[in-house]
Each structure stands twice: as structure tokens, then as C-alpha cells.
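One-letter residues, chain by chain:
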Amino acid sequence: MSEKLNQLKQILGEISDLNHAASVLGWDEQVNMPPGGSEARGQQLATLGKIVQEKFTSNEVGMLLEDLKKEYSDPQTDDGAMIRVASRDYEKAKLVPPSFVAEQAIVASKAFEAWVEAKSKSDFSIFKPHLEKVVELVKKYISFFPSADHPYDILLDDFEPGMKTAEVREIFGNLRPKQVELIKAIASAKQVKADFLHKKYNEKKMWDFSEKIISKFGYDFSRGRQDKAPHPFETSFSVNDVRITNRFEEASPIATIFSAMHESGHAMYEQGINPAYERTPLANGTSLAVHESQSRMWENLVGRSLPFCEHFFPELKKAFPSQLDGVTAKSFYKGINKVEPSLIRVNADEATYNLHIMLRLEIEIGLVDGSIVVKDLPEIWNAKMKDYLGIVPPNDAKGVLQDVHWSGGMIGYFSTYALGNIVSAQLWEAINKDIHDLEEQIRKGEFDQLLGWLREKIHVHGHKYDPQDLVQKATGSRIDSAAYVRYLTKKYSGIYGL
Ligand code: MG
């Protein structure tokens, strides 16, 4: 290995250490930290962010990358891919002043605390000034970059490298009428019963059950853990320390199980990355959409399938005999897949979920292009909910305040959720071609071959390939909603007899 490559790896390794230390602080902020720690934590994260930014955008890194790009120009090799990814990140980071990165971290930390309070009191006015600041900084961030086809492209690119606003709008534009048509057909069909979902369940028992399921999937608890937080998420400090959070809500107690499946899907991706990539820019999932394809696959294509219900329902019923009295695996399956326009994105069924995303995308684009201002958000949110889903939130906690993302400055993120759904169905078709008795395996609670396929085709590569290239390699085509429409139509035709 060349001396210069060694030098670069040394610096990128230290940057990775600093970033992971910041992630530990971020995890602690949401899981353990008392409210009083907010300001200090914001400063600590800002300092770390500033050091990372200065270190990464140094002339030394710039010169090393410049020289190494010529020497390691084959992106099919690990070193070539690492240099390609690092160069792209470098060129972007170089455009953003370190003082801005620090300011953004402080604003985000305060905005997160304000969001928690605003949500618990269902009072948007508490969050409003913080969100205004966040949006102002996002616009400033965009101004550092050369102009794009659409200013929102610059935000999207941070979460989904290469993806354009116009592409996403086109994919959503094709999908929306098909989803709306499906929802209408379901609404006029005989409805399924799901009253067992709203009974009282014991929190500890539900939590333990969720951990049992994800261990069986293959989430490795010797390299992970599940903690309580206001919003479920996954965070990685190393290939060997990938954590998830979860919550228990009396109003939707069984959601705890599905959140665990979801977050463990993200976590298994990170646990499966080639260990040789540790401490390099390749040691992450390649994009949020591909990440979400993993979480949605375990949550929905596995977790909400009939074969899986047949496998795990008897045990769930043993744990909750009175709540599930008279319920069978089949009626449980139908109940957990009940389609009903609802208020909360994370609890939405698969038929309506993407509409929640389309609503957020339009709002974000409006915030960026100035056609929407923060103070009007609760009203605009409610109007769009009525338009997209036919229902209006009774309060802001169940409306505009429900998601954590904007408090962290993450604007440009949401559409990756819907793209993840789309990719999950594409992968699922490819997997079923390779593993002929997959359903039977799931019915028996066997997941080794499924996880093995994902490890080989997706996880192990980390950030080596861009999302579109990775999806193409694994499925034979680029991101395309046809498989997702086929999946939804088949599933709900069975449940609702369409
Ligand atoms: Mg997710």
C-alpha cells in the first residue's frame, strides 16, 4: 500500500472515531440525558463537528485525495471506491464553512429539546422559533453550493446521492394515483377487525417479545442493544456496536414489535458491513433509501406477512391470552394489515404510508422555495392531511409535531422512506427468485438464508456502490415502483378480497 494511502487512511480513521464519538453523544442525548444537559451537549457536539470539519477539509486531505485519485482510479476496488466516496464528500464539505457546521449543531440541539417539549404539550408555538432558525440555516446551506436544477436537489443529495427532485416527483407522481385507487377499492370492501390492537398490553412483556423476534431475525445483541427513546431510531458506533431505540405507546402497544423489526433491519445492515471497511467512509449503508429498504423489508415483507404471523402468533398469544382471545394467526394477519387513513406516519399501514411521505415532500419543497412559511405549518399540514388522507389531526402532536427530523435540520430526508419501500419490493422479487421456499422458511422461523442473501448482495458492500448501482446489481434494474405496486395489489387483494 502506498505511503500516501496509509496517511489518508490514518486521517479518515481518526475522523471516523470523532464522528462515532459524536454519535454516542447524540444517542445519549435521546436516551439518557436530563433536560438540563441540553446546552452543554449542544456545545460538545458543535465542537466535535467543527474539529471533524477542519480535519476533513484540510489541505493535507485535499492533496492526498488529488494524488491518490489518479493512482486508485478503479472504483470496483475497495481502495478506489473509498477514494471516490471520500473525494465526493470532501468536495461538498469544502463548500461549507466550519463556523456554519458548529452553528447548525447548536441550533439542532436546542430545537430537539424544544420539539420534545412542544410535542408533549402539543403546542407548535414552542417549536416555531426553533424551526424558523432551522429553515433559515437550511437555506443558507443551499447557498454554499453551485445552483442545481432545483435548490431542493442539494438537500436530497446528502441523503440519497445523485437523486434529483424531479426524479422523486416523477416516481411519486406515478405511484400516487395507484395507491389512491387501491385505498378506494379497500374502503368499499368488507372491513377487517382489529380491535385486539387497542387492548391493554403489558409494556415489559411486549418489549421482551420484540427482542425475542429480532434476535431470531439475526440482530446480534452481543454487538447491539435496544433502549427507550421518544422516537425509534438506529445508530452505529462501529460494525460491532450498532444500537436501536424503541418506545411503548398505550394507544398502539403492538407497534413496539414492528418498530423493533424495523430498526433491527437498519441495524443488521450496519452489523453486516465488511469489517475491513471499519474506520473508513465505506463503513455506512450506501443511502437512506437502501437503508430503509432493509428496515421495511423486515418490518413489512417479513413481519406483516401471513407466513410470519403463522410462525410467531401462537407464541404471542401465549404471552397475551386474554387480549388475543378468539384471534387466530389469520385474523391477526388481517388485523395488523388493516388499511385505514391515520394520523401518525410511523404507525401507518403500507397502503397509506407513502401518502404521508408525499405530503411532507411537498411541504419541505415549499419551505425551501419560500412558498410555505413556518408559522403557517400547522394549518397547511392539516389541510394537506385532509386532501391526501381525508382526515384532520385533532392537535399538533398528532399532526405537524409528530416527527423528530426537522428539529435536527434534516430536511430532504423524508422521501427516502417511500423510495425505501419501493426498493424493498424490488429486492423481495429478486430474493424469491433465488430462494424458492422462502415462505416456508419464514413459516418455520428460519431467516438464515434471507439474511445471508441480504448480507451478500447489500450489507457487506457498505458504501462501496452508489444506491442506483447497488440496486441494479442486486435486482437487475434501477429504482422503479412497479414491483411495489405488484406487491401491494397482491397483498391487499388477498386480505380484502378485491
Ligand atoms: Mg427507518
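The structure under discussion appears in the preceding block.
Scoring rules and cut-offs
Residues numbered from 1 in each chain as written. Predicted model: local features only at pLDDT ≥ 70, side-chain atom pairs only at ≥ 80, totals over all residues. Heavy atoms only, no water. Helix = DSSP H or I, 4+ residues; strand = E, 2+ residues; numbered from the N terminus. Rg over C-alpha atoms; globule rule 2.2 N^0.38 Å. Contact = heavy atoms within 4.5 Å. Areas by Shrake-Rupley, 256 points an atom, 1.4 Å probe, with all protein chains shown as cover. Lys, Arg positive; Asp, Glu negative; His and termini not counted. Charge placed at Lys NZ, Arg CZ, Asp CG, Glu CD. Donors = N, O, S within 2.8 Å, 3.2 Å for Na, K, Ca; no water. Buried < 20%, exposed > 50% of the residue type's maximum accessible area, 1.4 Å probe, protein only. Axes fitted to C-alpha atoms, helices over the stretch in contact; angles between N-to-C directions. Left-handed = near helix turned anticlockwise from the far one by under 90°. Nonpolar A, V, L, I, M, F, W, Y, C, P; charged D, E, K, R; others polar. Core = buried A, V, L, I, M, F, W, Y, C linked by side-chain atoms within 4.5 Å. Domains from an automatic or database assignment. Phe/Tyr/Trp six-rings, centres within 6.5 Å; stacked < 30°, edge-to-face > 60°. Parallel < 35°, antiparallel > 145°, perpendicular 65-115°, else oblique.

Focus: the overall build of the protein
Here is step 1: The helix and strand tally for the protein stands at 20 helices and three strands.
Here is step 2: On C-alpha atoms alone, the protein measures out to a radius of gyration of 22 Å, which is about the 23 Å that the 2.2 N^0.38 rule sets for 498 residues.
Here is step 3: Long-range pairs, those at least 24 residues apart, make up 73% of the contacts in the protein with a sequence separation of at least 6.
Here is step 4: Approximately 20,600 Å² of the protein is accessible, and the part contributed by carbon and sulfur atoms is 52%.
Here is step 5: Side-chain charges in the protein split into 61 positive and 70 negative, and the spacing between the mean points of these groups amounts to 5 Å.

Some details on the coordination of the magnesium ion
Here is step 1: Looking at the magnesium ion, one finds its protein donor set to be His262 (NE2), His266 (NE2) and Glu292 (OE), positioned 2.2 to 2.3 Å from the metal centre.
Here is step 2: Taken in sequence order, the residues that donate to the magnesium ion follow the motif H-x3-H-x25-E. On the criterion of sequence distance, the pair formed by His266 in helix 10 (residues 255-271) and Glu292 in helix 11 (residues 288-302) is long-range, its members being 26 residues apart.
Here is step 3: Judged by relative accessible area, which is 9%, His266 ranks as buried.
Here is step 4: Judged by relative accessible area, Glu292 falls into the buried class, the value being 3%.

A closer look at the side chain of Arg304
Here is step 1: Mapped onto the fold, Arg304 is located in the loop between helix 11 and helix 12 (306-319).
Here is step 2: Given the relative accessible area of 13%, Arg304 is considered buried.
Here is step 3: Among residues more than four places away in sequence, those in contact with Arg304 are Phe258, Glu299, Tyr333, Ile336, Asn337, Glu350 and Lys491.

Overview of the packing of helix 14 (residues 350-369) against helix 15 (residues 377-389)
Here is step 1: Contact geometry for helix 14 and helix 15: axes closest at 10 Å, N-to-C directions at 145°. The handedness of the crossing between helix 14 and helix 15 comes out as right-handed. Along the contact surface, helix 14 presents Thr352, Leu355, His356, Met358, Leu359, Arg360, Glu362, Ile363 and Leu367, while helix 15 presents Leu377, Ile380, Trp381, Lys384, Met385, Tyr388 and Leu389.
Here is step 2: Partitioned by chemical class, the residues of the contact of helix 14 with helix 15 number eleven nonpolar, two polar and three charged.

A few points about the nonpolar core
Here is step 1: Core analysis: the largest hydrophobic core is formed by 132 residues, its most contacted members being Phe217 and Phe332.
Here is step 2: Sort the elements by how many residues they give to this core and helix 14 lands first, with eleven residues.
Here is step 3: Both domain 1 (3-123) and domain 2 (165-496) contribute no fewer than three residues apiece to this core.
Here is step 4: Sequence-distant contacts of Phe332, defined by excluding residues within four places in its chain, comprise Phe196, Ile254, Cys309, Phe312, Phe313, Leu316, Leu324 and Val327.
Here is step 5: Counting 24 residues, the second-largest nonpolar core is a separate cluster that includes Leu8, Ala81, Leu282 and Ala283.

Comments concerning the packing of aromatic side chains
Here is step 1: Under the counting rule described, the total for this entry stands at 26 aromatic pairs.
Here is step 2: Ring geometry for Trp298 and Phe447: centres 6.1 Å apart, planes at 65°, overall edge-to-face. Residue Trp298 is found in helix 11, and its partner Phe447 is found in the loop between helix 17 (438-443) and helix 18 (448-457); the two are separated by 149 residues along the sequence. Both residues of the pair, Trp298 and Phe447, count as buried.

Quick look at the packing of helix 1 (residues 3-31) against helix 2 (residues 38-56)
Here is step 1: For the pair helix 1 and helix 2, interaxial distance at closest approach is 10 Å and the crossing angle is 165°. On the basis of their axis angle, the class for helix 1 and helix 2 is roughly antiparallel. Where helix 1 crosses over helix 2, the handedness of that crossing is left-handed. Contacts from Ile11, Leu12, Glu14, Ile15, Leu18, Asn19, Ala21, Ala22, Leu25, Gly26, Asp28 and Glu29 in helix 1 reach Arg41, Gln44, Leu45, Leu48, Ile51, Val52, Lys55 and Phe56 in helix 2.
Here is step 2: Its residues assigned to classes, the contact of helix 1 with helix 2 shows twelve nonpolar, three polar and five charged.

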